[in-house]
Amino acid sequence: MAKTQAQTLGYIAHDTPLHRLSGATKLIAFITLSVIAMTSYDTRFLIGLGILSLVLFWLSKIRWSEVNTVIYFILFFSILNLISIYIFEPEYGVQLYGSRTVIAEGIGRYTITQEQLFYEFNLFVKYFSTIPLALIFILTTNPSEFASSLNRIGVSYRIAYAVALALRYIPDIQSQFFAVRQSQQARGIEMSKKAPFFQRIKRSAQVIMPLIFSSLDRIEVISQSMELRRFGKENRRTWYSARSFKRGDFLALFVTVIIVAIGIYLFFTNGGRFYNPFQ
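All figures in this text were calculated on a predicted structure; none of them were measured in a lab.

S.K.: Describe the overall build of the protein, and please don't skip the residues or the numbers.
M.R.: Regarding its fold elements, the protein presents 10 helices and two strands. Reading the helices (α) and strands (β) of the protein from amino to carboxyl end gives α-α-α-α-α-β-β-α-α-α-α-α. The buried share of the protein, reckoned over its 279 residues, is 36%. Once local pairs closer than 6 in sequence are excluded, the contacts in the protein between residues at least 24 apart make up 76%. As presented, the protein carries roughly 16800 Å² of accessible surface, and 66% of it is formed by carbon and sulfur atoms.

S.K.: For the confidence of the model for the protein, give the residues involved together with the corresponding values.
M.R.: Mean pLDDT over the protein stands at 79; residues scoring 70 or higher make up 87%. Across residues 1-7, confidence stays below pLDDT 50; counting only partners more than four residues off in sequence or on other chains, it has 11 contacts.

S.K.: If you had to explain the packing of aromatic side chains to someone new, which residues and values would you point to?
M.R.: Under the defined criterion, the tally for this structure stands at nine aromatic pairs. Taken together, a centroid distance of 5.1 Å and an interplanar angle of 80 degrees make the contact between F76 and F77 edge-to-face. For F76, a relative accessible area of 35% corresponds to the partly exposed category. Judged by relative accessible area, F77 falls into the partly exposed class, the value being 43%. Over the face of the ring belonging to Y275 we find R44, whose NZ or CZ atom lies 4.0 Å from the ring centre. The ring of Y41 has K126 lying over it, and the distance from NZ or CZ to the ring centre is 3.9 Å.

S.K.: Could you give me a rundown of the pairing of strand β1 (residues 102-107), with the residues and numbers involved?
M.R.: As defined by bridge partners, β1 adjoins strand β2 (residues 110-113) across three bridges and the pair is classed as antiparallel. Its bridge partner lying in β2, I107 is registered against Y110. In textbook terms, the turn of a hairpin is the stretch between consecutive antiparallel strands, and for β1 and β2 this stretch comprises two residues, one of which, G108, has a positive phi near 65 degrees.

S.K.: Pulling in residues and values, what's your account of the nonpolar core?
M.R.: Counting 12 residues, the largest nonpolar core is built from L33, I36, A37, F45, L46, L49, V125, L133, I259, V260, L266 and F267. Elements that contribute at least two residues to this core include exactly α2 (23-39), α3 (43-59), α6 (114-140) and α10 (247-270). By residue number, the principal contributor to this core is α10, which donates four residues. Beyond its immediate chain neighbours, meaning those up to four positions away, L266 contacts D42, R44, F45 and G272. Within the second largest apolar cluster, 11 residues are counted, among which are L21, I62, V70 and I136.

S.K.: For the packing of α2 against α6, give the residues involved together with the corresponding values.
M.R.: Working note: a packed helix pair is described by the angle between its axes plus the distance between those axes. As a packed pair, α2 and α6 sit with axes 10 Å apart at the nearest point and diverge in direction by 170 degrees. The angle between the axes of α2 and α6 places the two elements in the roughly antiparallel class. The interaxial crossing formed by α2 with α6 has left-handed handedness. Together, G23, K26, L27, F30, L33, S34, A37, M38 and T39 of α2 and K126, T130, L133, A134, F137 and T140 of α6 make up the contact between the two elements. When its residues are assigned to classes, the contact of α2 with α6 shows eight nonpolar, five polar and two charged.

Rules used in this analysis
- Residues numbered from 1 in each chain as written.
- Predicted model: local features only at pLDDT ≥ 70, side-chain atom pairs only at ≥ 80, totals over all residues.
- Heavy atoms only, no water.
- Helix = DSSP H or I, 4+ residues; strand = E, 2+ residues; numbered from the N terminus.
- Buried < 20%, exposed > 50% of the residue type's maximum accessible area, 1.4 Å probe, protein only.
- Contact = heavy atoms within 4.5 Å.
- Areas by Shrake-Rupley, 256 points an atom, 1.4 Å probe, with all protein chains shown as cover.
- pLDDT = per-residue confidence, 0-100.
- Phe/Tyr/Trp six-rings, centres within 6.5 Å; stacked < 30°, edge-to-face > 60°.
- Lys NZ or Arg CZ within 6 Å of the ring centre and 35° of its normal.
- Pairing = 2+ DSSP bridges.
- Core = buried A, V, L, I, M, F, W, Y, C linked by side-chain atoms within 4.5 Å.
- Axes fitted to C-alpha atoms, helices over the stretch in contact; angles between N-to-C directions.
- Parallel < 35°, antiparallel > 145°, perpendicular 65-115°, else oblique.
- Left-handed = near helix turned anticlockwise from the far one by under 90°.
- Nonpolar A, V, L, I, M, F, W, Y, C, P; charged D, E, K, R; others polar.

This is the structure in structure tokens:
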């Protein structure tokens, strides 16, 4: 059971500088840094942001055993996305950077060029930069405290409460999935690493879909219960768990603004979103 809890992707309580930040601060930083990372194609900026993300990930004291399944899952689809880009547009990088440096001749239009590899490397670094930020936000943010922080900065408490419920359901669904998987294995349906990869995916999908529909039913029950208790009638509400902005929050927001400003400055320096080393 301990192993199951360790693999759920939800809030994990630790005493770190990131845990002590307000939920609203982490949300603002996560959204703004993710947007600038997705917008920019300056390799130097993206690598620097990726290093910062790893440092923050280390500071959060998140253990590898708590996120390895999720990271493997994301890594698989990231690599699949990069392969798909090459299959459908094998010379898109050539069009972007305005040059063509052939590394190896292929069949037909499938030639390996430095420009295409550089473009896809930038995409990989984008994933490398933003995935740790997303995990930090999810694993270091108490849903109730986050909802109160959103309400504090002006977001309707109805929306804030809905976001908190969504964050709470993430570990709940995972816990149910692991419980069902273990019961299936007890009945002789192998879903561990002993089974072939695609067989595991097929059997996991058969478990996930019913869980999603049962979760939707639970959401409907909760929403009806809240309506019966006249949730949303008042314009304001009090919060059991609330955290005010402190010095660390202002420092984190200041650093975020500096990073975003650097990213925007590089747009003007490069004459666009792309850093072109082939010119």
